[in-house]
Amino acid sequence: MNALFFIQILLLPLGGTLNTSPIINLPDQEAHILEDNKFHPVGEFTRVKIKRMWFSEKAYNLCFNFSRIISGHHPLIASIRLNKAASQHARYQAQKGGPCTHVNFKSRSEKFSFDAENVAVGYKTNIGALFGWISSDGHRKNMYGYDHILMGTGFYKRVEITYKRKNGKARRIEKTKTKYYTQVFK
């Protein structure tokens, strides 16, 4: 363990993240161990971080309920149970990467007791996701067409940073951010 590791632990209560992926120098070659605990030789490697966008969820809920009110519907109540369901699914999607899916919808909807789900990926902002869902007939029907009372939201960001090792130093060569959005209704 090095001093940087202990500094990171001290910063955790302040919103810091713990980096458990040390750079290891071996006698004959250099390598990098990522979160998947696989050995990566010298060259390019990618580090992936998954972060919850908690503030974006709350801001989205306000904008979404405002859109319901101006369209003549009652606002929906944010449910802790449904927030957990949406958050778990958005995190799952961010961890696996790629396109959004409704995988295991039936089992998740039975476990958390929700009726409808909207998922999206790739929008730069939560308002972009809101307008994307409003522009889709099926998603709009989930948002405005039923007599829902409760809602849950879960937004996660996947950050992939690609590094290239040269002369013993890692330099960032690319950074991509992909945002995953899930909203469920009861």
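Refer to the structure printed above.
In this text, all values refer to a predicted model and were calculated from it rather than measured experimentally.

Draft legend 1. Up close: the environment of Tyr-144. Looking at where Tyr-144 falls in the secondary structure, it is placed in helix H6 (residues 137-145). As for Tyr-144 and Ser-67, which are separated by 77 residues in sequence, their C-alpha atoms are 9.5 Å apart. Ignoring anything within four residues of it in the chain, the contact list for Tyr-144 reads Phe-64, Ser-67, Arg-68, Ser-71, His-73 and Ile-134. A polar atom in the side chain of Tyr-144 sits 2.6 Å from the side chain of Ser-67.

Draft legend 2. Quick peek at helix H3 (residues 80-96). Over its 17 residues, H3 runs 24 Å from end to end, which matches the ideal 24 Å to within 8%, given 1.5 Å per residue. Along H3, the residues that are buried comprise Leu-82, Asn-83, Ala-85, Ala-86, Ser-87, His-89, Ala-90, Gln-93 and Ala-94. A distance of 3.3 Å separates the backbone nitrogen of Arg-81 from a side-chain oxygen at the start of H3, and that oxygen is part of Ser-79. Taken from the residues just after H3, Gly-97 is the one with a positive phi, measuring 75°.

Draft legend 3. Expanded view of the packing of aromatic side chains. If you walk through the whole model with that rule in mind, you get 8 aromatic pairs. Ring geometry for Phe-45 and Tyr-163: centres 5.3 Å apart, planes at 25°, overall stacked. You can see Phe-45 sitting in strand E4 (residues 44-52) and its partner Tyr-163 sitting in strand E7 (residues 150-166), a full 118 residues away along the chain. Across this residue pair, the class does not change: Phe-45 and Tyr-163 are buried. Centroid distance Phe-64 to Tyr-144: 6.1 Å. Interplanar angle 40°. Geometry classified as tilted. Of this pair, Phe-64 sits in helix H2 (residues 54-70) while Tyr-144 sits in helix H6, placing them 80 residues apart in sequence. We note that Phe-64, like Tyr-144, is buried.

Draft legend 4. Expanded view of the pairing of strand E8 (residues 169-185). Bridging between strand E6 (residues 116-121) and E8 involves 6 bridges; their strand directions are antiparallel. Across the sheet, the residue bridging to Ala-116 is Phe-185, located in E8. Relative to E8, E7 is paired through 16 bridges, and the arrangement is antiparallel. Its bridge partner lying in E8, Tyr-156 is registered against Tyr-180.

About the criteria used
Residues numbered from 1 in each chain as written. Predicted model: local features only at pLDDT ≥ 70, side-chain atom pairs only at ≥ 80, totals over all residues. Heavy atoms only, no water. Helix = DSSP H or I, 4+ residues; strand = E, 2+ residues; numbered from the N terminus. Contact = heavy atoms within 4.5 Å. Polar contact = N/O pair within 3.5 Å; in protein donor to acceptor, adjacent residues only side chain to side chain. Expected span 1.5 Å × (residues − 1). Buried < 20%, exposed > 50% of the residue type's maximum accessible area, 1.4 Å probe, protein only. Phe/Tyr/Trp six-rings, centres within 6.5 Å; stacked < 30°, edge-to-face > 60°. Pairing = 2+ DSSP bridges.

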